[in-house]
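Per-entry structural report
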Amino acid sequence: MSLPQVVIVGAGPAGLAAAERLVEAGGVSVTLIERMPSPARKFLLAGRGGLNLTHSEPLERVLARYGGSVAPVVREAIARFTPQDLRAWADRLGEPTFVGSSGRVFPQSFKASPLARAWLARLQAAGVRLLARTRWTGFSDDGGLVVESGGEARALPADATILALGGASWSRLGSDGAWVPILAEAGVAVAPLAPMNAGVATAWSAVFRARFAGTPLKRVAIGVGRPADASDTTEAMITEHGLEGTGIYARSAHIGEALDAAGAVALHLDLRPDLDADALAARIAAAPKGRTLTERLRRAGLAPAAVGLMREAGPLPADPEALAARAKDCVLSVASMRPIERAISTRGGVRAEALEAGLMLRVRPGVFVAGEMLDWHAPTGGYLLQGCLATGRAAAEGVLARLGRA
């Protein structure tokens, strides 16, 4: 008697995690489809600067990082495959981990390639078949899949399918969002894909752009649509196009949603969150009167880039109190996020109401969805990979339950 055939579309972290969970359980034949020449391309790119696997903060804080309509399901999946489970998994692959000073978790090699090689070798040894350079183009009349390879289309039978095609960021690495119209035509509710963990576009003056692009803001508080307070203290980077970095990425869902609603949003920057307005005004007033205004502001503890940002917000006032107020609430207008192609990840995707238990599509029984295709989002810091692996495993468990292999 032949084994049930499970086809996984997409050989990124979610798809690979799903394949691994299936072969762990046994009793199924697993085929991975990947449109690129090789698997895990975005995973490997993410590891070039140090592969951030997950985060070491308490589980309840990790779970609170996730948003979007499918966030409750993602949290349930992570509660079953926790950051500690992920670290133990990496260790079994021969890649022990360590916790960095920021609480982020990395493999000791600091690279993605050794982990990817061990992972793929494990799947190959377990009998997982990989069909590279093969694109999924839709569903066949009998409930299977239609794929295209070498310019030819063919049907691929499947007793169950897991879609793990990613979002739409870094399309040259495989996730191009081409699945959206296919699922929409099938009647699946899909929230529009939008940039997440991306920079914002700000109309800098030519002088400011030329002088400060590439300058880090090491001590700044950022509020979205409201004045910032000390708890908003973070870091950011001035770029040619606007602002990027951790402090922007962590707020990109809020920024994007505000842009969707109103078409523009104000960022409120506190350029000296360690000082209250009165203390800063006193410092400005005490600066030597014979100096230029810019020099007086610098002597009061405002870096050149901070002074430049104050000027970008409008003509500088003259009195110390007003100058301090500008520094403590420097308002910049944002008209858009940076393009989705330049985003680290995306928000949007298959909505919660489109899903049954186990991440199965309501309108396509036997078809499951995992990873960044789902409508959830999280900041950088290891949360993205944690969510992808956990939902990949959760979708596989949904398949196993449907096939009676759980």
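Right, let's walk through the structure included here. Counting restarts for each chain, with residues numbered from 1 along the sequence as it is written. Residues qualify for local features only when their pLDDT is at least 70, as the model is predicted, and side-chain atom pairs are given and counted only at 80 or more; totals for whole chains, interfaces and linings, by contrast, use all residues. Each side-chain value is worked out from all heavy atoms of the structure, with water and hydrogens disregarded.

1. Some words on the overall build of the protein chain
Applied cut-off: We count a stretch as a helix when DSSP gives it H or I for four or more residues in a row; a strand needs E for two or more, and each element gets its number in order from the N terminus. Working definition: with a 1.4 Å probe on protein chains only, accessible area under 20% of the residue-type maximum means buried, over 50% means exposed, and in between means partly exposed. The criterion used for residue contact is that any of the two residues' heavy atoms lie within 4.5 Å. The accessible surface values rely on the Shrake-Rupley method and a 1.4 Å probe; as for residues, cover is taken only from the protein chains in view.
Counting secondary structure elements, the protein chain contains 15 helices and 20 strands. By its C-alpha atoms, the protein chain is 90 × 45 × 35 Å across when sized along the principal axes. Per-residue burial over the protein chain gives 53% buried out of 406 residues. By sequence separation, contacts in the protein chain at least 24 residues apart represent 71% of the contacts at least 6 residues apart. On the protein chain, roughly 17,100 Å² of surface is accessible, and the fraction owed to carbon and sulfur atoms is 52%.

2. So, the pairing of strand β19 (residues 345–350)
So the rule is basically this: Note: two strands are recorded as paired if DSSP finds a minimum of 2 bridges between them.
Counted residue by residue, β19 has six buried out of six residues, so it is predominantly covered. Bridge count for strand β11 (residues 190–196) against β19 is five bridges, and the pairing is antiparallel. Its bridge partner being in β19, Met-196 is matched across the sheet by Ser-345.

3. Considering the sheet that holds strand β4 (residues 97–99)
In sheet architecture, strand pairing relies on hydrogen bonds along the backbone and comes in two forms, parallel and antiparallel. An order of β3-β5-β4 is seen for the three strands of this open sheet, with the pairing classed as antiparallel. In the strand order of this sheet, the two ends are held by β3 (54–55) and β4, each with one partner. With three bridges connecting them, β4 and strand β5 (residues 104–107) associate as antiparallel partners. Bridge pairing links Val-99 to Val-105 in β5.

4. Observations regarding the nonpolar core
As a reminder, the rule being used: Put simply, a nonpolar core is a bunch of buried Ala, Val, Leu, Ile, Met, Phe, Trp, Tyr and Cys residues held in one set by side-chain atoms that sit within 4.5 Å of each other.
Membership of the largest hydrophobic core comes to 77 residues, with the highest contact counts inside it found for Leu-22, Tyr-66, Trp-89, Trp-136, Ile-162, Leu-183 and Val-350. In terms of residue count, helix α15 (residues 383–402) provides more of this core than any other element does, 11 residues in total. Each residue touching Leu-22, except ones within four places of it in the same chain, is listed here: Val-6, Ile-8, Val-28, Val-30, Ile-162, Ala-396, Val-399 and Leu-400. Among the nonpolar cores identified, the runner-up in size contains 41 residues, and Leu-217, Leu-271, Ala-327 and Ala-343 belong to it.

5. Structural notes on the packing of aromatic side chains
So the rule is basically this: Between rings of Phe, Tyr and Trp, where Trp is taken as its six-membered ring, a pair exists when centres lie within 6.5 Å; planes separated by under 30 degrees are stacked, by over 60 edge-to-face, and by other angles tilted.
Going through the model one piece at a time under the given rule, you end up with 10 aromatic pairs. With a centroid separation of 6.5 Å and an interplanar angle of 85°, the aromatic rings of Tyr-66 and Tyr-383 are classed as edge-to-face. Within this pair, whereas Tyr-66 is found in the loop between α3 (59–63) and α4 (71–80), its partner Tyr-383 is found in helix α15, the two being separated by 317 residues in sequence. The burial state of Tyr-66 is the same as that of Tyr-383; both residues are buried. Look at Trp-136 and Phe-139: their rings are 5.3 Å apart centre to centre, the planes differ by 70°, and that puts the pair in the edge-to-face class.

6. Here we look at the environment of Leu-86
In this fold, Leu-86 is placed in helix α5 (residues 83–92). For Leu-86, a relative accessible area of 0% gives the class buried. Residues Leu-86 and Ala-158, spaced 72 residues apart in sequence, show a C-alpha to C-alpha distance of 29 Å. In contact with Leu-86, other than residues within four places in its own chain, are Leu-53, Thr-54, Phe-81, Gln-386 and Leu-389.

7. Quick notes on the sheet that holds strand β18 (residues 336–337)
What counts, and what does not: Simply put, an axis is a line fit to the C-alpha atoms, just over the touching stretch for a helix, and the angle between two N-to-C directions goes from 0 to 180 degrees.
An order of β17-β16-β13-β14-β15-β12-β18 is seen for the seven strands of this open sheet, with the pairing classed as antiparallel. Sheet topology places β17 (330–334) and β18 at the edges, where each strand pairs with a single neighbour. With two bridges connecting them, strand β12 (residues 200–201) and β18 associate as antiparallel partners. Within β18, the residue paired with Ala-201 across the bridge is Ser-336. Packed on one face of the sheet, helix α14 (residues 320–328) meets β16 (265–270) and β17 and runs near 115° to β16.

8. What about the environment of Thr-82?
With respect to the helices and strands, Thr-82 occurs in the loop between α4 and α5. Residue Thr-82 is classed as buried on the basis of its relative accessible area, which comes to 16%. In the structure, Thr-82 is positioned 160 residues away from Gly-242 in sequence and 36 Å away in space, judged by C-alpha atoms. Those residues in contact with Thr-82 that sit more than four places away from it in its chain are Leu-59 and Gln-386.

9. What about the environment of Val-399?
Summarising the element assignment, Val-399 is placed in helix α15. Judged by its relative accessible area of 0%, Val-399 falls in the buried class. Separated by 238 residues in sequence, Val-399 and Thr-161 place their C-alpha atoms 7.9 Å apart. What Val-399 contacts, discounting residues up to four positions off in sequence, is Val-6, Leu-22, Ala-160, Ile-162 and Phe-368.

10. Things to note about the pattern of salt bridges
Cut-off, in case you're wondering: Salt bridges, as used here, are contacts in which a Lys or Arg side-chain nitrogen is within 4 Å of a carboxyl oxygen on Asp or Glu.
Applying the stated criterion to the full structure yields 19 salt bridges. The salt bridge partner of Glu-24 is Arg-21, with a shortest N-O separation of 3.9 Å. With Glu-24 and Arg-21 both in helix α1 (residues 13–25), this residue pair falls three residues apart, about one helical turn. By relative accessible area, which is 43% here, Glu-24 ends up partly exposed. For the salt bridge of Arg-21 with Glu-397, the shortest nitrogen-to-oxygen distance reads 3.2 Å. Taken as a pair, Arg-21 in helix α1 and Glu-397 in helix α15 lie far apart in primary sequence, 376 residues in all. Look at Glu-397 and you get partly exposed, because its relative accessible area is 27%. Put simply, Arg-21, Glu-24, Arg-80, Arg-393 and Glu-397 are held in one network by salt bridges that share partners.

Bear in mind that shape data such as this cannot, by itself, settle questions of function.
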